[in-house]
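Topology and contacts: notes
So you can see what is in the structure, the chains are spelled out below.
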Amino acid sequence: MSVTEHRPPASDLAKDDFGALKVVPVRHPWRWAAVLATAVLVAQFAHGLATNSGWEWEVFAECFTADVILKAVWVTLQLTFYGTALGFALGIVIAFMRLSASPFLRAVAFAYIWAFRSIPLIVQLLFWFNLAYLYKELQFGIPFGPGFFSFDTMGLVGAMSAAVLGLALHQAAYAAEIVRAGVLSVDSGQLEAAAALGIPRLRQIRRIVLPQAMRSILPNAANEIISLFKGTSIVSVMAIGELFYQVQVIYGRNGRVVPLLMVATAWYVLLTSALSVLQHYVERHFSKGASR
């Protein structure tokens, strides 16, 4: 007894032509409702910005490019640059101390990161600002021995120096962890192969580890730089003429609080956007060969 396969006639196959079927897209009524509600809220917010006289846009336009504001922006950029450069330079050293085979170096690096991440930034800034209370002068010479020359602490560590020092030391703790995570993301087999080829350790780090680690380091590092840029506003407690401090001084005189706060907001948004664009191009440079 044989079993034969039943096949539909050719005329039935023609009826199953899927190209003749009508495709009906899936409807998303709640999605459209969310879009409509969001559009209404955005339109109301924009209408309020344009029509509410409390914003005082004429005051905003007058103060946005005032000389005192531009100088304050420059001070903010200086604080960000020096804090970032010194912070990441020290952070790289601390990161490799944590990766060291020496238990002592690892312990010191861990203690540094633990301490500076635990203490609020404002406390650190005020501590360095009042360093002269603890040390009247700083001596340089033989450790625990005689000093060869000394500096007056009050004249050496002023408000700006204390702010840069506090920001850099605080930033170094976070930069160290970012760099350490980036280095650990590189396959250890590449270092073993480089060592087998006789490549010196320093060259391995400079030419093999760091270029690859930068792909992991850059996004987090950029976030930290942007956070530091906005965090410079905290040095206003030390009466340093950065952006937020000068805005406070101006609206303390003329009482135009809202438009002056919008001046600070606009500058922070503008410069943060510029940093984000720079981040994009730097990331694209270091991602060469990793993306198709």
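Residues numbered from 1 in each chain as written. Predicted model: local features only at pLDDT ≥ 70, side-chain atom pairs only at ≥ 80, totals over all residues. Heavy atoms only, no water.

Looking now at helix α3 (residues 57–64). Along α3, the residues that are buried comprise Val59, Phe60 and Cys63. The buried side chains of α3 occupy one side of the element, clustering within an arc of 100° when seen end-on. Pointing more than 90 degrees away from the buried face of α3 are the exposed residues Glu58, Ala61 and Glu62. Contacts made by the buried residues of α3 are with α4 (67–98) and α13 (257–286). (Buried < 20%, exposed > 50% of the residue type's maximum accessible area, 1.4 Å probe, protein only. Helix = DSSP H or I, 4+ residues; strand = E, 2+ residues; numbered from the N terminus. Arc of directions from axis to C-beta. Contact = heavy atoms within 4.5 Å.)

This next bit is on the pattern of salt bridges. Side-chain pairs of opposite charge can arise where the charged atoms are in close proximity. Applying the stated rule across the entire model yields 3 salt bridges. For Glu56, the salt bridge goes to Arg256, with nearest N and O atoms at 2.7 Å. In this pair, Glu56 sits in the loop between α2 (29–51) and α3 while Arg256 sits in the loop between α12 (243–254) and α13, placing the two residues 200 residues apart along the sequence. Judged by its relative accessible area of 16%, Glu56 is buried. (Salt bridge = Lys/Arg side-chain N within 4 Å of Asp/Glu carboxyl O.)

Turning to the packing of helix α10 (residues 188–196) against helix α11 (residues 201–231), a few remarks are in order. Remark: α10 packs on α11, axes separated minimally by 11 Å, with the N-to-C direction vectors making an angle of 150°. In terms of orientation, α10 and α11 fall into the roughly antiparallel class. Regarding α10 and α11, the two cross each other, and that crossing is right-handed. Taking contact as the criterion, the partners of Gln190, Leu191, Ala194 and Ala195 in α10 are, on α11, Arg201, Gln204, Ile208, Val209 and Gln212. Among the residues making up the contact of α10 with α11, the classes are represented as 5 nonpolar, 3 polar and 1 charged. (Axes fitted to C-alpha atoms, helices over the stretch in contact; angles between N-to-C directions. Parallel < 35°, antiparallel > 145°, perpendicular 65-115°, else oblique. Left-handed = near helix turned anticlockwise from the far one by under 90°. Nonpolar A, V, L, I, M, F, W, Y, C, P; charged D, E, K, R; others polar.)

Further remarks concern helix α5 (residues 103–118). Over its 16 residues, α5 runs 22 Å from end to end, which matches the ideal 22 Å to within 8%, given 1.5 Å per residue. Those residues of α5 that sit buried are Ala109, Tyr112, Ile113 and Phe116. Here the buried residues of α5 occupy an arc of 95° about the axis, which is enough to place them on one side. Of the residues in α5, the exposed ones pointing more than 90 degrees away from the buried face are Pro103, Phe104 and Trp114. On the buried face of α5, the contacting elements are α4, α6 (121–129) and α9 (159–184). (Expected span 1.5 Å × (residues − 1).)

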